[in-house]
Each structure stands twice: as C-alpha cells, then as structure tokens.
Amino acid sequence: MTVWPRLAQARTGGLAVLVLVIALLPLALTNNFYYEVAIQVGLNAIVCVGLNLLIGYAGQISLGHAGFYALSAYTSAILTSRFGWPPGAALVVAIGSAGLVAYVVGRPILRLKGHYLAMATLGLGIIISIVIATEDRITGGPDGMAVPPLALLGFPLAGERVWYWVVGVMLVVAVWLALNLIDSPVGRALRALHGSEVAAQVAGVDPRRYKVMAFVISAVFAAVAGSLTAHYAGFITPAKATFLHSIELVTMVVLGGMASTFGAVVGAAVLTTMPQVLTALKDYEMMVFGAVLMLTMIFLPRGLVPTIGAAFARWRK
Amino acid sequence: MMVRSTLKYLAPAAFAACLTLGAGVASAQEPIKIGAFLAVTGPAAFLGDPEQKTLEMYVDKINAAGGVLGRKLQLISYDSGGDAEKARTFAKRLIEQDKVDAIIGGSTTGETMAVVPLVEQAGIPFISLAGAVVVIEPVKKWVFKTPHTDRMACEKIFVDMQERKISKIALISGPGGFDKSMRAECLKVAPKYKIEILADETYGAGDTDMTAQLTKIKNTPGVQAVLNAGFGSGPAIVTKNYRQVGVPFPFYQSHGVASKEYIKLSGGAADGVRLPAAALLVADKLPDSDPQKKVVVDYKNAYAERWKSDVSTFGGHAYDGLWLLVDAMKKAGTTDKAKVRDALENTKGFMGTAGVVNMSPTDHMGLDLTAFRMLVIKNGDWELGN
C-alpha cells in the first residue's frame, strides 16, 4: 500500500528501475565485448547526468565538458604513472582539481549568457585540449599515454566484470545524487533560474552562486567518469579532450531529453551503443547515424524520455 | 518462381546452420578469421583507407586462389576513425565476439598502443600498421609491426648527411604525433651519427606561414642542412616558404611526405628535396636486378587496376601485414595462435613492400636501413637519390 505510490514517483521508481536494469543486465551480456559497451554506457551516463544538471536544470550551456573529463583523466594518469602516486589518491586529487578549475573559471565566465557563454566554455575546452596535445613530455602528446590500473584497498580492479559493477554503482550514486539535488531547494533555485533569471533574483536566489554550483557539480561528475575511464581503458589520448567529444556529450543530453536525469542516461546508452550496432552498414554508418539523430529531433523535439513519458501519461488517461 | 528463388537463398542458409551445429566436425572448412580495425574515416583516413582497400583486395585474391591451409579467409574490419578508445572497443569485439584468429590494424600509434594490453592478455597475433618505435620497443610478445620506424628515417637521413659531409643541421617540426615522435627520435640518435642540431624550431597546427622559423634557421651560423619532420600539409608549406626565404642549404623531408600530394601542394618548390621512403614509390624506376622490384610493381599494378587510384606506402603496410600473417600460418601449418606467433617471430627473408623482413625475438619489425631508399624529387617526380 505504502510502497506503490512512492514507486510511481520518478525519484524512487525510476531509480528502482535503473538498479534493476543494472542488476539484471549481466544476464544478457554474454561476452566481455558486451560488458565493454555497457561500461562505456555507464561512464558516459555519469557525465551526462552531471551535464544535464547544468544544461537541463540551470539552463546554461557548456561546450567544454570534454575538457574537465580529460583534465581529470590526465591528472590521474600523470600522477600515477609519472609520480608513482597510489591510484586512489590520484583519483581524489584529479576530481578535486577539475572541480577547482571549474570553480575558478566558472565564476567569471558564467556572467556571460547564451552564445557568449557557449563560446567561453568552448574556448576553455580547446585550451585544455591544446595543452594536453602539446605538452608531450608530460602527457605523451597526440599519441596518448598508458595509465596503470586502479586499485581499491590494495586489490587491483581488473577485468570487465569487476568494472561493470564499479561503474554500475557509481552510476546509481550519480543518479541518486542528481535526483536528490533536483528535489532540494538548490534544484528549485536552479529551475527558477532556468525559467527567468530576474524573477529568480527577485525571489532571493543568487543566480551566480547557483550557476557556479551547477557548473562545478557537472564538472565533478565529468571528472569522476574521466578518471575512471583512464584507469579502466589503461590508455588515453587527447581525442577525449576535443571539442567533438564535448559536442558528443551535449548531444547525448539533448537526445535523451533535457531536464530529465533518466533521459541523460538513456541518451548516453543510445549514442554509445548505436555506432556498435551500425557497423554492419559499413560506409553508410555515419549517414544513418545522422539521419536517426535528425529524425529524433524533428519528431521528438523534447528528447526521448520526456516525449515518450508524456505520451505514456496521455495514454493512461 | 518466388518459391524457387526463396529456396535458393534458404538452401545455403540451412547448410550453414548444419555446419554451425556440427562445428566440431566441420572446423576445417570454417574460414580463417582475420580481424582489422583501421582509421578508414577521420583525420587519419589517408592511412586507413588504402589499408582497408589493400586488405579487401588481397583477401579476395587469396580466396580466389584457394585460400590458406585449404580454408578461405574472412576479413572482419571495423572503422576506428583514428580514435584510440574506439579502436580498443573494436579490438575487444574482434577478440571476444568475432573470435578472430589474428588482428591487423591500428593505423596510428595511439590506436595501436591502446590495443596492446588487450592482445597481450588475450594472446592473439597482432600486426600493427603504426609508425612509432614504442610499438615494438620494448618487445611485446604478441605485437608485430610492418612500417619503418621514425627512428630509422632519422638514421637513414643522417647516414646520407654523413656521406655528403654535413654535420650541423637545423630541425623544424610540426605538432602532430608523427612529427613529435620523429623529432624526439632524431634528437636521440643524432649524436650517434655525429650530427649536431643547432636549431630546433616548431610550428603549430593549421599554421599557414613558417617564414619566421625559416628566417631564423637561415640566420643561424653554422647550419649546413635543414630537416623537416612533418606530416600532412605542414611540410608542403615549409617547402614553399623555404624557397621564398631563400634558404641556401640542402633540404631534407621525412617519409611522412612520401605521397604525390606533397609534391602537388608545394608546387615547384619540392624539387631538390631529399627524403627516405619505401621502394614502392619508385617501383618502376628500380633496376630489374633489384630483388624487391617484383613485389612492389605487382602490388602497385594490382592496386591501380582494382581501385583506379595511385598506390601509397600506407596501403603497402597492410599488404606486408596480411602476407606476413599468411606466410606464418602456412609455415605453422595451423591457425593456432601461439604457433602462428612463433612462426611470425621466426620470419626470415620475407620480401614486402617495405623491404626485407627478418624478425627475431628481439625485433618484431625486422627491417633495417636498407629498407629505406633515399629519394630526391626532380621535375615533380621521385628519383632514386643514390
């Protein structure tokens, strides 16, 4: 009696579905390649859940999130392989430093709006990308660098199956944090900002503080995924820092549905698995990929999850 | 009519299903699966595209001639777009899902290095098509490569310089992975050939004018020659500017410019440039006594006939990789991964487009400096330089 109404809410019900999917998915994953794709979906989903807080809720655009992702990945890689740090400590420092950079840079640039903000974040991403590609003595340059495996309490994390559960748990935590944040006063303040900045200000919301907060939180989410990816893959290249990767992340959020945490997860899942499914098409792969994106945006302009969710609600009535 | 044509399609399918069911019995008839991941699209497409075409062409040819060990070859190829992470995912797919017998691929060094841990762990023969020395140094049990290394290019150039009594040079290099790796290798081996590098200039991605760097080089006292380690459009611009600024010294390029595109882009300015490159570029100009002539001329003609385009050294790397593998499988008499690996490591006197390959447990590339020819550009075409 008391459980059902709560499960019907997005916050608890959706989370329960996510946990269930993650718990049952291994039944369908018959080999390590499927695990690999599932892990990548999870890692991308973590970034997208964070980015969605910024884009979907606070209404601010960032075209530089690949920068934070790569900054953290490279910090982890450099600290562990060049300075012999334990991976755990490197992970914390890497995530912290990405958050710090986001805070320091975010304060001035979040004064900008619209296209100007997009340009500023774009510039930030490109600067990070150039530094990584050119400082080859530290970062290995365009050819990339190797990263030692992650160890947890002395046990090295190796193999897809172990990583699947690590990433799965991280994703659930990320979604849980995001859902709670959205339903807290902070989340309401962010949505107020998205609606009208002036109105929000009149209601006593300090726009700058909340925007910077959303920016830092989303950067930290990206950083977590970045560091984990570096350790999981064992090798990173500056391709992960490029503008294209930033665009890919934003596309995932938009496709899944802005202002929908589960939309971000679905967007990441669709865009990560689709290239693998489409390889059978050979030369037409990119064309079909583009067409699918276009058609989705034309017929489901609000993104997959909100549009389908609304249709489902109408059908139930 | 309809029924009959449907049956025509169904019959082989049913046959294939029976085969799969009786896989244990029929294993001799299963194709040998060769996996490939190449940068067919994206910024490194000029590498991956000819590689893919070469593999396709020769797998067809080999199958038409009866296959290997009485079995057909099956090529399973994925486009990595030059992205290391995609390359790693595809390599995993080849190993785990497609269960290939060997892998050829990795057009770039980044892709290759990202895949190395996987193939080492899975224990599967892997022939890389990437240039840098790191691929084979230190030696990795399952990893081989066919292209010349950037270090060899430096050494070949330095030997040529020594012969021409040049000992003090200036270096100018670009921002790409190839450029940076080659610059580092040249700096490393220069002392061995008693070459002194007096100036070490660089240019950025997308720079359209390098006169500032070249003027500086021109005014550096003591410089006797200039070496440009670069890839893509950069070297063509450097070459043009080189003539505009009027730098009077001999000008060397790397094997990175070994395509007709470079000569076209630099206009007449490329005349007189010296560079090390594979014999493939001058296939028709090799003397008939040259043992490599047959291989390179045959490949060149076959490629031109099938794809109606000029051959490139990059496609040649794939040619060498595929034939090395076929050679090793024939020698091993099986596709057993460990035995094929051992056979690959014991390859001796294999004549490829890159040169004679003599592998050993300490050398998984097997090429020496004779594999490079010193070329000089004359009247917009390659000539043998020595």
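Small disclaimer: the values here were computed from a predicted structure and weren't measured.

Conventions used here
- Residues numbered from 1 in each chain as written.
- Chains lettered and ligands numbered in written order.
- Predicted model: local features only at pLDDT ≥ 70, side-chain atom pairs only at ≥ 80, totals over all residues.
- Heavy atoms only, no water.
- Helix = DSSP H or I, 4+ residues; strand = E, 2+ residues; numbered from the N terminus.
- Rg over C-alpha atoms; globule rule 2.2 N^0.38 Å.
- Contact = heavy atoms within 4.5 Å.
- Pairing = 2+ DSSP bridges.
- Axes fitted to C-alpha atoms, helices over the stretch in contact; angles between N-to-C directions.
- Domains from an automatic or database assignment.
- Buried area = accessible area lost by both parts, 1.4 Å probe.
- Salt bridge = Lys/Arg side-chain N within 4 Å of Asp/Glu carboxyl O.
- Polar contact = N/O pair within 3.5 Å; in protein donor to acceptor, adjacent residues only side chain to side chain.
- Nonpolar A, V, L, I, M, F, W, Y, C, P; charged D, E, K, R; others polar.
- Buried < 20%, exposed > 50% of the residue type's maximum accessible area, 1.4 Å probe, protein only.
- Phe/Tyr/Trp six-rings, centres within 6.5 Å; stacked < 30°, edge-to-face > 60°.
- Lys NZ or Arg CZ within 6 Å of the ring centre and 35° of its normal.
- pLDDT = per-residue confidence, 0-100.
- Parallel < 35°, antiparallel > 145°, perpendicular 65-115°, else oblique.
- Expected span 1.5 Å × (residues − 1).
- Right-handed = clockwise from strand over helix to strand, strands pointing away.

A. Examining the overall build of chain A more closely. For chain A, the count of helices and strands is 15 helices and 4 strands. For chain A, whose C-alpha radius of gyration is 19 Å, the value lies close to the compact-globule estimate of 20 Å for 317 residues. Expressed as lengths along the three principal axes of its C-alpha atoms, the size of chain A is roughly 60 × 50 × 45 Å. A sequence separation of at least 24 residues applies to 77% of the contacts in chain A between residues at least 6 apart.

B. Representation of the sheet that holds strand 1 (residues 32-38) of chain B in the model. Residues and elements named next belong to chain B. Ordered in space as 2-1-3-4-5, the 5 strands form an open sheet in which the pairing is parallel. Looking at strand neighbours, the two that pair on one side only are strand 2 (73-79) and strand 5 (143-145), the edges of this open sheet. On average, adjacent strands in this sheet sit at an angle of 25° to one another, irrespective of strand direction. The sheet contact formed by strand 1 and strand 3 (residues 102-105) spans 4 bridges and is parallel.

C. Summary view of the domain arrangement of chain B. Residues and elements named next belong to chain B. Parsing chain B into structural domains produces domain 1 (30-148 + 297-367) and domain 2 (150-277). Domain 1 and domain 2 are separated by 30 Å when their C-alpha centres are compared. Across the domain 1 to domain 2 interface the summed buried area is about 770 Å²; carbon plus sulfur atoms make up 67%. Along the contact surface separating domain 1 from domain 2 lie 1 salt bridge. With a shortest N-O distance of 3.0 Å, Glu137 and Arg151 are connected by a salt bridge. Where domain 1 packs against domain 2, one counts 1 residue pair in polar contact (both at pLDDT 80 or more). If you list the elements that add at least two residues to the side of domain 1 that touches domain 2, you get helix 3 (45-64) and helix 12 (313-332). Along the lines of polarity and charge, the residues of the side of domain 1 that touches domain 2 split into 7 nonpolar, 3 polar and 1 charged.

D. Seen up close, the interface of chain B and chain A. Listed per partner, the contact involves 21 residues of chain B and 23 residues of chain A. By the criterion of area lost to chain A, the three top residues of chain B are Glu85, Lys92 and Lys180 of chain B, representing 24% of everything that side buries. Where chain B meets chain A, there are 5 salt bridges. The salt bridge partner of Lys92 of chain B is Glu36 of chain A, with a shortest N-O separation of 2.7 Å. The interface formed by chain B and chain A holds 12 residue pairs in polar contact (both at pLDDT 80 or more) in total. Secondary-structure elements contributing two or more residues to the side of chain B that touches chain A are strand 2, helix 4 (84-97), helix 5 (109-122) and helix 7 (177-189) of chain B. At 9 residues, helix 4 of chain B tops the list of elements feeding residues into the side of chain B that touches chain A. Here the side of chain B that touches chain A is composed, by residue class, of 6 nonpolar, 8 polar and 7 charged.

E. Region of the structure containing the pattern of salt bridges. Residue and element names in this part refer to chain B. As enumerated under the stated definition, the model contains 26 salt bridges over all chains in all. Put simply, Arg373 and Asp290 hold a salt bridge, and the shortest N to O gap is 2.8 Å. Taken together, the residues span a long stretch of sequence, with Arg373 in strand 13 (residues 373-378) and Asp290 in the loop between strand 10 (274-277) and helix 11 (293-307) at a distance of 83 residues. Assessed through its relative accessible area of 16%, Arg373 is described here as buried. Here Asp290 falls in the buried class, since its relative accessible area comes to 13%.

F. Just the packing of aromatic side chains, in detail. Inspection of the entire model under this criterion finds 20 aromatic pairs over all chains. Relative to Tyr299 of chain B, the ring of Tyr58 of chain B has its centre 6.0 Å away and its plane inclined at 40°; by these criteria the two rings are tilted. A residue pair is termed long-range when its members are at least 10 positions apart, and Tyr58 of chain B in helix 3 and Tyr299 of chain B in helix 11 qualify at 241 residues. The exposure class of Tyr299 of chain B is buried, given its relative accessible area of 0%. Summarising the aromatic geometry, the rings of Tyr242 of chain B and Phe251 of chain B are spaced 3.9 Å apart at their centres and angled 10° between planes, so their arrangement reads as stacked. Phe251 of chain B shares its class with Tyr242 of chain B; the two are buried. Directly above the ring of Tyr210 of chain A sits Arg209 of chain A, whose terminal nitrogen or CZ lies 5.1 Å from the centroid.

G. The arrangement of the confidence of the model for chain B in detail. Residue and element names in this part refer to chain B. Of all residues in chain B, 92% have pLDDT values of 70 or greater, and the mean over the chain is 88. Here helix 2 (residues 23-26) is the element of chain B with the lowest mean pLDDT, 42, and strand 4 (residues 126-128) is the one with the highest, 97. Within the model, pLDDT remains below 50 along residues 1-27, and this stretch shows 4 contacts once partners closer than five positions in the same chain are excluded.

H. How the structure looks around the environment of Glu30 of chain B. Structurally, Glu30 of chain B is set in the loop between helix 2 and strand 1. Sequence separation between Glu30 of chain B and Ala132 of chain B is 102 residues, and the spatial gap between their C-alpha atoms is 35 Å.

I. Local environment of the confidence of the model for chain A. When pLDDT is averaged across chain A, the result is 89; 96% of the residues are at 70 or more. The element-level mean pLDDT for chain A is lowest in helix 1 (residues 3-8) of chain A, coming to 57, with helix 4 (residues 65-81) of chain A highest at 95.

J. A look at the packing of helix 3 of chain B against helix 11 of chain B. Residues and elements named next belong to chain B. One way to put it is that helix 3 packs onto helix 11 with a least axis distance of 11 Å and a crossing angle of 95°. Between helix 3 and helix 11, the angle is such that the two are roughly perpendicular. Two secondary-structure elements touch here, helix 3 through Pro50, Lys53, Thr54, Glu56, Met57, Tyr58, Asp60 and Lys61 and helix 11 through Asp298, Tyr299, Ala302, Tyr303, Arg306 and Trp307. For the contact of helix 3 with helix 11, the per-class residue count stands at 7 nonpolar, 1 polar and 6 charged.

K. Quick peek at helix 12 of chain B. Residue and element names in this part refer to chain B. With 20 residues, helix 12 ought to run about 28 Å at 1.5 Å a step, and its terminal C-alpha atoms sit 28 Å apart, in line with that. For helix 12, the tally of buried residues reaches 15 of 20 residues, placing the bulk of the element in the interior. Gly333 occupies a position one or two residues after helix 12 and carries a positive phi of about 70°.

L. Structural view of the pairing of strand 1 of chain B. Residue and element names in this part refer to chain B. Summarising burial for strand 1: 6 of the 7 residues are buried, a large majority. Note: strand 1 against strand 2, 7 bridges, orientation parallel. Bridging across to strand 2, Ile32 finds its partner in Leu73. Where the polypeptide runs from strand 1 across helix 3 and back to strand 2, its parallel neighbour, the crossover connection is right-handed.

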